[in-house]
Amino acid sequence: GLVQYKLPYNEYYYTKWYDNSNSGIAFFHQSTLKFGGFSITAGIRADYEKATLDYQYYKFKNGVQSPVDSVISDMDFFEILPKIAFKYSISEYLTPYVTVAKGYNSGGFNATFEREQDRSFKPEDSWNYEAGIKAKWLQQRIYTNLAFFYIDWNNQQIYQTVPSGTGSMLTNAGKSESKGVEFEFKILPAKNLEMWMATGYNNAKFIDYKKNENEDYSGNYLPYVPKISMNLGANYQIEINKNWLDDIRLNITYNGFGKHYWNEDNVAYQDYYGLLNHRITFEKGNVSFSFWGKNILNAEYNSFYFQALGNSYTQIGKPATLGVNLKVNF
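Summarised in this report is the structure supplied together with it.

Parameters and conventions
- Residues numbered from 1 in each chain as written.
- Predicted model: local features only at pLDDT ≥ 70, side-chain atom pairs only at ≥ 80, totals over all residues.
- Heavy atoms only, no water.
- Pairing = 2+ DSSP bridges.
- Helix = DSSP H or I, 4+ residues; strand = E, 2+ residues; numbered from the N terminus.
- Core = buried A, V, L, I, M, F, W, Y, C linked by side-chain atoms within 4.5 Å.
- Buried < 20%, exposed > 50% of the residue type's maximum accessible area, 1.4 Å probe, protein only.
- Contact = heavy atoms within 4.5 Å.
- Phe/Tyr/Trp six-rings, centres within 6.5 Å; stacked < 30°, edge-to-face > 60°.
- Lys NZ or Arg CZ within 6 Å of the ring centre and 35° of its normal.
- Lys, Arg positive; Asp, Glu negative; His and termini not counted.
- Salt bridge = Lys/Arg side-chain N within 4 Å of Asp/Glu carboxyl O.
- Patch = residues over 30% accessible without salt bridge, like charges linked within 9 Å, V, L, I, M, F, W, Y side chains within 5 Å.
- Areas by Shrake-Rupley, 256 points an atom, 1.4 Å probe, with all protein chains shown as cover.
- Charge placed at Lys NZ, Arg CZ, Asp CG, Glu CD.

The next thing to look at is the pairing of strand S8 (residues 142-154). Residues in a regular strand project their side chains so that they alternate between the two faces of the sheet. By the bridge criterion, 13 bridges tie strand S7 (residues 124-137) to S8 in an arrangement that is antiparallel. Along S8, the bridge assignment pairs Trp127 with Asp152. The antiparallel pairing of S7 with S8 creates a hairpin that spans 4 residues between the two strands, and Leu138 there sits at a positive phi of about 50°. Note: S8 against strand S11 (residues 175-190), 13 bridges, orientation antiparallel. Note that in S11 the partner of Asp152 across the bridge is Glu177.

The following block contains the structure:
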């Protein structure tokens, strides 16, 4: 006869179920008073938000379900956000300005967490200061904007990978700041031709961030914030005005990203890289057909970095990519 043996086995798996919802309401008002070329703009916003988490964690061993953790919790956040701006039009073509505003992001719950202290994160608030001057020349064919900024953060929310590396979560840094300058230049040198350049310098650091007894990141640079950034580009329209074609639009842009760090410890980083993109569009009535390319010089860079189980991993940025688009407007 046939004898069958059923070998013993252990089957184990787990399930985690999340229901994470956010709701809120806000009231705001803004008014501007003008005195000749001088104007004052004042605004205020009242913001209320509520975050709710329903979290269930079960493990299954040999077909038997056992509860591990169950949480139903909510948090309420309320903040008053003022703003004031001063602007003086020295002439139609020259305008200095100053702006002071309070920024705010409510707290909430993480959908991915592995430790109790990572289940939720606190709200962040900031004071944002900006001073600059806008100018136009040559019958508004040249436009420039020079701006200096300073941001003072409390409990800044930053993304981190969970300890196992299988997911991201929001945590809070103690105190941080960002200060720098931005310059924008736009010119219309000929009919149907527009060219621009924008560049910025940003020195963003943790001022007081002691994560635990062994990790003090005070003085380190904020992750994911390039120190230098730039954008160059041009648009040119060729008017055809034929029965079969209205015009051809040419576009080229270059985006540069300076050195930036991936984590608070400032060990792993991405060096400067630039992406050159182009688009050629043929238009007739409500139909447009485009040939486009992204990263056409095939720059090599990393778009993401994380650590898991003692190893480091990077996600390679997209290589040179070409494509076509057909768009019809109805």
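This paragraph deals with the nonpolar core. Within the largest apolar cluster, 10 residues are counted, these being Ala51, Leu53, Tyr55, Tyr57, Val71, Phe77, Leu81, Tyr104, Phe109 and Phe113. Breaking this core down by element, the ones donating at least two residues are strand S2 (38-61) and strand S3 (64-88). The element that contributes the greatest number of residues to this core is S2, accounting for 4 residues. Those residues in contact with Val71 that lie beyond four places of it in its chain are Leu53, Asp54, Tyr55 and Arg119.

Further remarks concern the packing of aromatic side chains. All chains considered together, the criterion is met by 11 aromatic pairs. Where Phe282 meets Phe291, the ring centres are 6.3 Å apart and the plane angle is 90°; that geometry is what we call edge-to-face. Owing to a relative accessible area of 30%, Phe282 belongs among the partly exposed residues under this scheme. Among the residues examined, Phe291 registers a relative accessible area of 37% and is labelled partly exposed. Feature note: the residues Phe206, Tyr209 and Tyr217 constitute an aromatic cluster, connected by ring pairs. Sitting over the ring of Tyr269, Lys259 keeps its end group 4.2 Å from the ring centre. Over the ring of Trp292 we find Lys294; its NZ or CZ atom is 5.5 Å from the centre of that ring.

Moving on, we get to the side chain of Asp54. Here Asp54 is to be found in strand S2. At 9.4 Å, Arg119 is the nearest oppositely charged side chain to Asp54, a buried residue that forms no salt bridge.

All right, on to the pattern of salt bridges then. If charged atoms from side chains of opposite charge come close, those side chains can pair. By the definition in use, this model includes 11 salt bridges. Lys50 is paired through a salt bridge with Asp74; the nearest N and O atoms lie 3.5 Å apart. Of this pair, Lys50 sits in strand S2 while Asp74 sits in strand S3, placing them 24 residues apart in sequence. With a relative accessible area of 27%, Lys50 lands in the partly exposed category. Between Lys175 and Asp152 there is a salt bridge, with its nearest N and O atoms 2.8 Å apart. Residue Lys175 is found in strand S11, and its partner Asp152 is found in strand S8; the two are separated by 23 residues along the sequence. Three or more residues are tied together by salt bridges with common partners; here these are Lys50, Asp74 and Asp76.

Here we come to a positive patch on the surface. On the surface, Lys34, Lys87, Lys134 and Lys136 cluster together into a positively charged patch. With respect to the helices and strands, Lys136 occurs in strand S7. Look at Lys136 and you get partly exposed, because its relative accessible area is 31%.

Before going further, it helps to spend a moment on a nonpolar patch on the surface. Together, Tyr236, Ile238, Leu250, Ile280, Phe282, Val287, Phe289, Phe291, Val324, Leu326, Val328 and Phe330 make up an exposed nonpolar region whose accessible area comes to about 1100 Å². Listing elements by their share of the nonpolar patch, those giving two or more residues are strand S15 (228-239), strand S19 (273-284), strand S20 (287-294) and strand S23 (321-328). Tracing the backbone shows Leu250 in strand S16 (residues 247-257). Leu250 sits in the partly exposed class, given a relative accessible area of 31%.

Bringing unusual backbone geometry into the picture now. Generally, phi is negative for residues other than glycine and the peptide bonds are trans, each holding for most cases. We note that Asn295 has phi near 50°; this positive angle belongs to a residue other than glycine. Secondary-structure assignment places Asn295 in the loop between S20 and strand S21 (302-308). Its identity is not glycine, yet Asn298 carries a phi of approximately 55°, on the positive side. Along the chain, Asn298 falls in the loop between S20 and S21. Taking relative accessible area as the criterion, Asn298 reaches 40% and is therefore assigned partly exposed.

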